[in-house]
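An overview of the molecular structure
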Amino acid sequence: MSNTIIAPPALAANLPAPILSTINTPSFIVLAITALFLYLCATAVYNLYFSPIAAIPGPWYAAISDFWLTTHVARLQQCMTVQALFERYGPVVRVGPNKVAFCDLTTMRSVYCVHKFDKSPFYKALLTNNNDHAMTTLPHSEHVVRRKAYAPHYNLSHLMQFQPEVSDSVIKVVQILESQQGKASVSCSELFRHLMVDIISTTVFGSRPGALDNLAMGIQDILSQAVCDFPTRGIVRSFIPTWAWKLVCRIPNDAWRRICSSDKIMADFVRGRLDDTAAKLHATPDVGEKEERIPLIQRMLQHRVSGSQDGLSVQNIISECMGHLVAGVDTSSTTLSYFCWELTRRADVLKNLQAELDEHMPDRRVIPDFSVLCKLPYLNAFIKEGMRVYGPAPSLLERVVGSTTASKVDDSFDMMGYALPPGTVVATQAWSMHRDPEVFPSPETFLPDRWLPVEGVEGEEERIARMLQHLMPFGVGTRQCGGQNLAQITVRAAIAAIVSNFEISANRTETNERTMQIKDAFVIHPATKECRLVFTPRKC
Ligand code: HEM
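Computed from a predicted structure; not experimentally measured.

Moving on, we come to the domain arrangement of the protein chain. Taken domain by domain, the protein chain consists of domain 1 (55-127 + 400-428) and domain 2 (128-394 + 429-537). Just the C-alpha atoms count here: the centres of domain 1 and domain 2 sit 28 Å apart. On the domain 2 side, the residues contacting the 29 residues of domain 1 number 35 residues. For the domain 1 face of the interface with domain 2, the top three residues by lost area are Cys-79, Lys-119 and Leu-127, together amounting to 23%. Where domain 1 touches domain 2, the interface holds one salt bridge.

This is the structure we're talking about:
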């Protein structure tokens, strides 16, 4: 078979005879590979020596391509890898051709609070129902509109109205644990996920879907499963082109099909709640005006964009509510799992918590009001330390340097003496801010007492204030966690109830330092994605 390229007649007529005869398939491939190689070399040389951010310290292999960092993302080790770079190169590190990570308080405030740079396209992997919600809306100006619609729902005074239901759900958890009588281990990941689905649904939709009841009866809870599957779907979806996605979803495997349909299962569930709420509002149009507590979905249906009579679209309401389920369930349940795990290793901390709660929670079945819980010094110290070490979203929070908010001299943003041009991706990560040894001595040690002022020692207030400035488990600035008040209420109530009622231990063959090793996929999880612990009822 001849290797000669057959050129179209018109083109062939114009090509000189020697060229036609010399271009054959093998030499064309060599030519293409050479061109590609030269292009890659030229790009690498440009990134290393001529890029506007070439002066920023960092490993050369991170500067020439995103490939190196991506391998660590795939290994679920990005946080630790970036931390290692800070330890080696200092507080500003180039982690990609166009990406700079920093670990510095002043810069953190400048990026997230003062300049309020837009989010990077990374967040698009978290779209729900193929649509934006507050977390995935990249431009700051568009985000403001979305945030206005949901933020009042999470005001502490409004959330306090939901305390009875939060307590009810937490007591259900206590009953489920009690039914085991400390004889068998319990999957914390599963238990707390169901707890969070019930609690978030109560405040978002106005009713509990019964996730914990299903779990207690051994019935698979479809909504909890869908919330659990959603992140896996998001990761896979972001690697597969849109045209191929429908085909990939047809792969005949039950678990796989369940993962693919997690987005639709959640969207259908929310759609059902939306229709119910709309019908209720239609039947009694003035409902809500006199009510003290309004479910988020109703608030969003009644919301009017400022300066107009326009409401939010059905699609936006569905995506927003789904976004809150996705943002709140995994984060809070992972937090509770790691908190309980830590208590299996620290009998001293468990004893301190129990002593404090025994005093303020005389009836172990009645959870004190949040206003009481948030005044318990040791419980609060424990939760702060837990959020420092096990904050469930400790990853790079990426922003893009904008051209309008840059310094007056030129268009670049001054980051600790380095000029970053518009378009540069900048980020810090809670993982590193929480492990600065100058702010948190012995950062790897779990030490609730570091949050308690030592009486008679000078400078204690400043020391604790400095730690608080560095503590950012919920992010920072205008894009920080919208549901953090709900998370704070829930985590306090759950820890208070569990610690008052149970001793916690681990069967080391199934749960140990290796299985609980932290993996980060934006939200962290244990290496085995499982945290089985034993809860033995306390003696009176
Ligand atoms: C321990 C529990 C939680 C932690 C540590 C946490 C942490 C975070 C973080 C780090 C962000 C992203 C900030 C950024 O991208 O810059 C975020 C965003 C968000 N979280 Fe949470 N979260 C928790 C629980 C919740 C809960 C319970 C809800 C609601 C039910 C919630 C709703 C949201 C929303 C709506 C956003 C997007 C905020 C916006 O851009 O307007 N989160 N959260």
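Enumeration according to the criterion identifies 21 salt bridges in this entry. With a shortest N-O distance of 3.1 Å, Arg-450 and Glu-385 are connected by a salt bridge. Residue Arg-450 is found in the loop between helix H22 (430-433) and helix H23 (460-470), and its partner Glu-385 is found in helix H21 (residues 377-390); the two are separated by 65 residues along the sequence. A relative accessible area of 0% places Glu-385 in the buried class. With a shortest N-O distance of 3.2 Å, Glu-513 and Arg-508 are connected by a salt bridge. The exposure class of Glu-513 is partly exposed, given its relative accessible area of 43%. Beyond isolated ion pairs, a larger network of salt bridges with shared partners links Glu-342, Arg-345, Arg-508 and Glu-513.

Attention now moves to the UniProt feature "binding site: heme" (unreviewed entry) in the protein chain. Under the present numbering, the feature "binding site: heme" (unreviewed entry) in UniProt falls on Cys-481. Along the chain, the position of Cys-481 falls in the loop between H23 and helix H24 (484-501).

Here we take up the site of the ligand. Contacts to the ligand come from 30 residues, most closely from Tyr-123, His-143, Tyr-150, Arg-399 and Cys-481. At 3.1 Å from an oxygen atom of the ligand is found a side-chain nitrogen or oxygen belonging to Lys-119. Arg-399 places a polar side-chain atom, nitrogen or oxygen, 2.6 Å from an oxygen atom of the ligand. Broken down by secondary-structure element, the contributors of at least two residues to the shell around the ligand are helix H8 (140-150), helix H18 (314-345) and H24. Within the shell around the ligand, the residues separate by chemical class into 16 nonpolar, ten polar and four charged.

The next thing to look at is the sheet that holds strand S4 (residues 186-187). Sheet strands associate in pairs through backbone hydrogen bonding, adopting either a parallel or an antiparallel arrangement. Spatially, three strands are ordered S4-S12-S9 in an open sheet, and the strand pairing comes out antiparallel. Looking along the sheet, the strands with just one partner apiece sit at the ends: S4 and strand S9 (502-505). Judged from the four bridges that link them, S9 and strand S12 (residues 532-537) form a sheet pairing that is antiparallel. Paired with Phe-502 across the two strands is Pro-537, which belongs to S12. Across the face of the sheet, helix H10 (residues 163-180) comes into contact with S4, S9 and S12 while running at roughly 70° to S9.

Okay, a nonpolar patch on the surface next. On the surface, a nonpolar cluster with roughly 470 Å² of combined accessible area is contributed by Val-45, Tyr-46, Tyr-49 and Phe-50. Turning to its location among the elements, Tyr-49 is positioned in helix H3 (residues 25-50).

With respect to the helices and strands, Val-491 occurs in helix H24. Given a relative accessible area of 2%, Val-491 falls into the buried group. Along the sequence, Val-491 and Met-361 sit 130 residues apart, while their C-alpha atoms lie 16 Å from each other. Every residue in contact with Val-491, bar those within four places of it in the chain, is listed here: Thr-335, Leu-336, Phe-339 and Ile-383.

Further remarks concern the packing of aromatic side chains. Using the criterion set out here, one finds 16 aromatic pairs in the structure. Judged by centre distance (6.1 Å) and plane angle (50°), the ring pair of Phe-440 and Trp-451 falls under tilted. Of the two residues, Phe-440 is situated in the loop between H22 and H23 and Trp-451 in the loop between H22 and H23; the sequence distance between them amounts to eleven residues. You can call Phe-440 buried: its relative accessible area is 0%. The class for Trp-451 is buried, based on a relative accessible area of 5%. Grouping aromatic residues by their ring pairs yields a cluster made of Tyr-338, Phe-339, Phe-382, Tyr-390 and Phe-446. Positioned above the aromatic ring of Tyr-123 is the side chain of Lys-119, whose terminal nitrogen or guanidinium carbon lies 3.9 Å from the ring centre. Here the basic side chain of Arg-273 rests over the ring of Phe-269, its NZ or CZ set 4.5 Å away from the ring centre.

Now for helix H5 (residues 67-74). Every buried residue of H5 is accounted for by Trp-68, Leu-69 and His-72. All buried residues of H5 lie within an arc of 95° about the axis, which places them on one face of the element. Opposite the packed face of H5, turned more than 90 degrees from it, sit the exposed residues Phe-67 and Ala-74. For H5, the secondary structure elements touched by its buried residues are helix H4 (60-64), helix H6 (78-89), strand S1 (92-96) and strand S2 (99-102).

Take unusual backbone geometry next. Unusually for a residue other than glycine, Lys-116 sits at a positive phi of about 50°. Along the chain, Lys-116 turns up in the loop between helix H7 (105-114) and strand S3 (118-119). Classification of Lys-116 as partly exposed rests on a relative accessible area of 32%. Non-glycine residue Lys-529 carries a positive phi angle of around 60°. One can find Lys-529 in the loop between strand S11 (523-526) and S12.

Let us now look at the sheet that holds strand S8 (residues 425-427). The sheet built from five strands is open, its strands ordered S1-S2-S8-S5-S3 with mixed pairing. Two strands in the sheet have a free side with no partner beyond their single neighbour: S1 and S3. For strand S5 (residues 399-400) and S8, the ladder comprises two bridges, and the chain directions are antiparallel. The residue bridging Arg-399 from the neighbouring strand is Val-426, located in S8. Running over the sheet, H6 touches S1 and S2 and is turned about 135° from S1.

A few words now on the packing of helix H11 (residues 188-205) against H24. Two elements in contact, H11 and H24, have axes separated by 12 Å at closest approach and are oriented at 135°. In terms of axis orientation, H11 runs oblique to H24. In this structure, H11 meets H24 at a crossing whose hand is right-handed. Listed contacts from H24 to Phe-192, Leu-195, Met-196, Ile-199, Ile-200 and Thr-203 of H11 are Leu-486, Thr-490, Ala-494 and Ile-498.

Quick notes on the rules
Residues numbered from 1 in each chain as written. Predicted model: local features only at pLDDT ≥ 70, side-chain atom pairs only at ≥ 80, totals over all residues. Heavy atoms only, no water. Domains from an automatic or database assignment. Contact = heavy atoms within 4.5 Å. Buried area = accessible area lost by both parts, 1.4 Å probe. Salt bridge = Lys/Arg side-chain N within 4 Å of Asp/Glu carboxyl O. Helix = DSSP H or I, 4+ residues; strand = E, 2+ residues; numbered from the N terminus. Buried < 20%, exposed > 50% of the residue type's maximum accessible area, 1.4 Å probe, protein only. UniProt positions renumbered as here; feature names shortened; annotations may be inferred. Near = heavy atom within 4 Å. Polar contact = N/O pair within 3.5 Å; in protein donor to acceptor, adjacent residues only side chain to side chain. Nonpolar A, V, L, I, M, F, W, Y, C, P; charged D, E, K, R; others polar. Pairing = 2+ DSSP bridges. Axes fitted to C-alpha atoms, helices over the stretch in contact; angles between N-to-C directions. Patch = residues over 30% accessible without salt bridge, like charges linked within 9 Å, V, L, I, M, F, W, Y side chains within 5 Å. Areas by Shrake-Rupley, 256 points an atom, 1.4 Å probe, with all protein chains shown as cover. Phe/Tyr/Trp six-rings, centres within 6.5 Å; stacked < 30°, edge-to-face > 60°. Lys NZ or Arg CZ within 6 Å of the ring centre and 35° of its normal. Arc of directions from axis to C-beta. Parallel < 35°, antiparallel > 145°, perpendicular 65-115°, else oblique. Left-handed = near helix turned anticlockwise from the far one by under 90°.

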